[in-house]
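Structural features, examined
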Amino acid sequence: MTIEEVKVEAVDENSRFVLKKIKTDVGEFYNRRVAISNFMFNCEQDKMLYNRPIFNAPVQTHHINWDFLSNGWDYNGLTTAKEHAEKNNRVFLIYHQRSDKQMNELKLKDSVRDFNDVLDSVNDVPFQLPLEMSLDKWKEVKGKLMSCLKPNQNLVPIISSRHNTASFPLIVKEEIGKSKVIGINSYEISTPVEITNLSFLTAINSKIKINQETSLFINFGYSRIIRRLSSIAGSFAFSCFAGDILSERAYNPKTMSRDVIKHMMNRKPTEYSYYDEIEKKFNKSLPQMEWYGADLTKETMGKVSVAEGLNGYQVIKCVSHFLQQRDLDLINSLIISKSNLFETMKNYTGWNVFLNMVMLPLSSNQRNLSEF
Amino acid sequence: MANAIPKWVQERVSKLWKKYDSKEMTFEMIQNVLTMDDRNTISVFLNELRSADWIEVKQSKEDARKRIYILKQPNDIMLEINSNDNRRSKS
């Protein structure tokens, strides 16, 4: 699937949330989509062994992990993932997933090397901007990168939400409307730099007028569950900061210690994090029993047949993915119906906590970012 | 004057009322009832109650840093909400 056009369909006046329509060569879809990332793709492969249908999603991502043994990127699985995406008419985007240390130490030559690594493999070629790259340097580098692309290829600039705050808004403003897709390295909305840059992003995103061409922002690598914010979904949190496509962090067993892997393998269902659609946040079996008098995790696992080809953990993660997408669709429908978004969101525990702790304190500051 | 509160806040008020009625409560006492919620959620919950005037808040005599919370009587809250609604519809 090729993205042909991204246009602003509606802007909610109060929240400044934007509804975008994405036109592709095979159809249209709205923004606020949770991508089929590495784990979900693995689940799809397991389902296919049992001739079960895959998930209905227009975007698939592949997070490439660093292999510390070979001291290089692990490109295994890239071709298979790409073929699967093409066969199922999905937009396919890749991402070199770095640790904080790797990101802090990233140099231009590393980014160029990674760009060249995948230049012949994909149509949407990512380029990771180092944290201190200025707008002028970016323009210079971009010119050279564009000259390497074939006519059917697109450049996907990826800028960190921890990028230098002086350059971040300038680079985003430069790229919006020019690049069809802009990647944003995302974390846990825990540092002042992240909050500042994400606020800039939201302000710039919401200033594009209706029917004007714009860009799709894809949040790469965020935490699926933001525990410090009452365990709300990372997909929801970043969709509130101009996130159009959400692609959570992929876990790499090669970088995990033996103890962590052992703990993961021995995890009981009562320890699985379940997306509670009523509370709009993640919780586990014990608090569910105390609040609802029922173990929702166990009940959900019991409802899914083994003929789906998934184990218990996969079932919970797939259901959580589906419910998160449903909630993002709800936000889109609220924008379309011109409902009071913030008032509706206040009715749900997790969303209300996020509004009170993050969004509402920022909303007055966003109006002061009108220069962007 | 009391105002309406979101559903998730009402559910938690019911649990607190069942346990403590209109007795004085500390944050820790509230945590012991609302076991599914973390500190952030309880803080926002109390903030919602305070904004909607469903709760009285005063300083603890033992420790000035801590707060004591007292739920208002449901009848009083309903009368105030009703009075608010009548005032709005007249204007």
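The following refers to the structure shown. (Residues numbered from 1 in each chain as written. Chains lettered and ligands numbered in written order. Predicted model: local features only at pLDDT ≥ 70, side-chain atom pairs only at ≥ 80, totals over all residues. Heavy atoms only, no water.)

Description of the environment of Leu 149 of chain A
All names here are of chain A. Quick reminder of the rule: Secondary structure elements follow DSSP: runs of H or I of four or more residues count as helices, runs of E of two or more count as strands, with numbering from the N terminus. The contact criterion used throughout is that any non-hydrogen atoms of two residues lie within 4.5 Å.
Locating Leu 149 in the fold gives a position in the loop between helix H5 (135–148) and strand E9 (154–160). Along the primary structure Leu 149 and Asn 123 are separated by 26 residues, whereas in three dimensions their C-alpha atoms are 9.0 Å apart. In contact with Leu 149, not counting residues within four places along its chain, are Phe 115, Leu 119, Val 125, Asn 154 and Leu 155.

Some words on the sheet that holds strand E4 (residues 33–34) of chain A
Residues and elements named next belong to chain A. Note the threshold: DSSP calls a pair of strands paired once it identifies at least 2 bridges connecting them.
The parallel open sheet is built from six strands, whose spatial order is E4-E14-E11-E10-E9-E8. This sheet does not close on itself; its edge strands, each paired only once, are E4 and strand E8 (124–128). Strand direction decides the pairing type here: E8 and E9, joined by five bridges, are parallel. Residue pairing in the sheet places Gln 128 in a bridge with Ile 158 of E9.

Describing the interface of chain B and chain A
We count it as follows: The salt bridge definition used is simple: a Lys or Arg side-chain nitrogen within 4 Å of an Asp or Glu carboxyl oxygen. N or O atoms closer than or at 3.5 Å make up a polar contact, with two conditions inside protein: a donor-capable atom paired with an acceptor-capable one, and, for residues adjacent in sequence, both atoms drawn from side chains. Throughout this entry, Asp, Glu, Lys and Arg are counted as charged residues, while Ala, Val, Leu, Ile, Met, Phe, Trp, Tyr, Cys and Pro are counted as nonpolar. The remaining residues, Gly among them, count as polar.
On the chain A side, the residues contacting the 16 residues of chain B number 18 residues. If you look at where chain B meets chain A, you find two salt bridges. Across the pair Asp 37 of chain B and Lys 281 of chain A runs a salt bridge, and its minimum N-O distance is 3.8 Å. Where chain B meets chain A, there are seven residue pairs in polar contact (both at pLDDT 80 or more). Elements with a contribution of two residues or more to the side of chain B that touches chain A: helix H1 (7–20) and helix H3 (39–51) of chain B. Considered class by class, the residues forming the side of chain B that touches chain A number five nonpolar, four polar and seven charged.

Observations regarding H5 of chain A
Short version of the rule: Expected span of a helix: the number of residues minus one, times 1.5 Å.
End to end, H5 of chain A covers 20 Å across 14 residues, agreeing with the expected 20 Å (1.5 Å per residue, within 8%). Those residues of H5 of chain A hidden inside the fold are in contact with helix H4 (108–118), E8, E9 and helix H6 (168–175) of chain A.

Focus: the packing of aromatic side chains
All names here are of chain A. Stated precisely, the cut-off is as follows: Pairing of aromatic side chains requires ring centres within 6.5 Å, counting the rings of Phe and Tyr and the six-membered ring of Trp. Pairs whose planes differ by under 30 degrees are stacked, by over 60 edge-to-face, and all others tilted. A 1.4 Å probe rolled over the protein chains alone gives each residue an accessible area, and that area as a share of the maximum for its type sets the label: buried under 20%, exposed over 50%, partly exposed in between.
Under the defined criterion, the tally for this structure stands at 13 aromatic pairs over all chains. Between Trp 66 and Trp 73, the ring centres sit 5.0 Å apart and the planes meet at 90 degrees, which makes this aromatic pair edge-to-face. Each member of the pair Trp 66 and Trp 73 is classed as buried. Between Tyr 95 and Phe 220 the ring centres are 4.4 Å apart and the planes differ by 5 degrees, which places this aromatic pair in the stacked class. Here Tyr 95 is found in strand E7 (residues 91–96), whereas its partner Phe 220 is found in strand E11 (residues 216–222), with 125 residues between them in sequence.

Quick notes on the side chain of Arg 98 of chain A
Residues and elements named next belong to chain A. Mapping Arg 98 onto the fold places it in the loop between E7 and helix H3 (100–104). A residue is classified by how much of its surface remains accessible, and Arg 98, at 6% relative accessible area, is buried. At 2.2 Å, the side chain of Arg 98 forms a polar contact with the side chain of Asp 114. Ignoring anything within four residues of it in the chain, the contact list for Arg 98 reads Trp 73, Met 103, Leu 106, Asp 114, Gln 128 and Arg 249.

Details of the layout of surface pockets
Residues and elements named next belong to chain A. This is how it is decided: Cavity means a closed set of points on a 1 Å grid over the protein atoms alone, one where a 1.4 Å probe fits but cannot get out, pocket means an open set with protein on both sides within 12 Å along at least 5 of 7 lines, and lining means a residue has an atom within 4 Å of a point. Grid points are joined across faces, edges and corners, and a volume is the space filled by probe spheres set on the points.
Quantified by volume, the largest pocket comes out at close to 1,200 Å³. Sorting the residues of the lining of the largest pocket by element identifies helix H1 (38–49), strand E5 (59–67), helix H9 (258–265) and helix H12 (312–336) as the ones contributing at least two each. The greatest single-element share of the lining of the largest pocket, amounting to six residues, is contributed by H1. For the lining of the largest pocket, the per-class residue count stands at 13 nonpolar, 16 polar and twelve charged.

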